[in-house]
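Per-entry structural report
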Amino acid sequence: VFFGMEGDTSRYVIEYARSDRSKCKATGELIAKGEIRIGRVIDHPQAPGVELTIWHKWEPLLLRLRKGRPGGKQLTQPSDLEGFGKLHPADQEDIANRLKTEGELKKKSE
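Residues numbered from 1 in each chain as written. Predicted model: local features only at pLDDT ≥ 70, side-chain atom pairs only at ≥ 80, totals over all residues. Heavy atoms only, no water.

**Things to note about the overall build of the chain**
How we decide: Segments assigned H or I by DSSP are reported as helices when at least four residues long, segments assigned E as strands when at least two residues long, and all are numbered from the N terminus. Residue exposure (1.4 Å probe, protein chains only): buried if accessible area is under 20% of the type maximum, exposed if over 50%, otherwise partly exposed. Each accessible area is a Shrake-Rupley result for a 1.4 Å probe, and residues are judged covered by the shown protein chains and nothing else.
What the chain contains, in helices and strands, is 2 helices and 4 strands. When the helices and strands of the chain are listed from N to C terminus, the series reads β-β-β-α-β-α. Counting all 110 residues of the chain, 35% fall into the buried class. Here the chain has roughly 7100 Å² of accessible surface; of this, 51% comes from carbon and sulfur atoms.

**Comments concerning the environment of Thr27**
Let me state the cut-off plainly: Polar contacts, as used here, are pairs of N or O atoms within 3.5 Å; protein pairs need one atom able to donate a hydrogen and one able to accept it. Residues neighboring in sequence count only if both atoms are side-chain atoms.
Residue position: Thr27 is located in the loop between β1 (11-16) and β2 (36-43). What makes Thr27 partly exposed here is its relative accessible area of 38%. Linking Thr27 and Pro60, residues 33 residues apart in sequence, is a C-alpha distance of 7.1 Å. A distance of 3.2 Å separates the side chain of Thr27 from the backbone nitrogen of Glu29, its partner in a polar contact.

**Here's the deal with the packing of aromatic side chains**
Our working definition: Under the pairing criterion, centres of Phe, Tyr and Trp rings, with the six-membered ring standing for Trp, must be within 6.5 Å; the plane angle then separates stacked pairs below 30 degrees from edge-to-face pairs above 60, leaving the rest tilted. Remark: a charge is flagged as sitting over a ring if the NZ atom of Lys or the CZ atom of Arg is within 6 Å of the ring centre and within 35 degrees of the ring normal.
Under the defined criterion, the tally for this structure stands at 0 aromatic pairs. Arg37 extends its terminal NZ or CZ atom over the ring of Trp55, reaching a point 3.7 Å from the ring centre.

**Here we look at the pattern of salt bridges**
Note the cut-off: Only one rule defines a salt bridge in this text: a Lys or Arg side-chain nitrogen within 4 Å of an Asp or Glu carboxyl oxygen.
Enumeration according to the criterion identifies 7 salt bridges in this entry. Glu51 is the partner of Arg11 in a salt bridge, and the nearest nitrogen-oxygen pair spans 2.7 Å. Placement of the pair is Arg11 in strand β1 and Glu51 in strand β3 (residues 51-56), with a sequence separation of 40 residues. Glu82 is the partner of Arg11 in a salt bridge, and the nearest nitrogen-oxygen pair spans 2.7 Å. Linking Arg11 in strand β1 with Glu82 in strand β4 (residues 81-82), this pair joins segments that are 71 residues apart in sequence. Given the relative accessible area of 29%, Arg11 is considered partly exposed. Three or more residues are tied together by salt bridges with common partners; here these are Arg11, Glu51 and Glu82.

Here it is, written out as structure tokens:
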């Protein structure tokens, strides 16, 4: 599963981890209960009609998206993240600022 593939129909969700069982796809590290996690929701490749969420920690996800592929789907604003409004205001502000910074970095590199 690759980020930023052309024709990508996945969507992103953000939430506080409900347990400490999920792992970051990029690093393999456990995501602690209560830690912010971002999931890429895709169609399950082996079960048509079933969705699969691939979880990431915030920083590794940003690194992965920076590498992306030309023309691929990117996170550019808070509205790209389902569940954003359910986060604590301080976390919303931090993530909105990071997305803005990432967007500015992307524009400079183009």
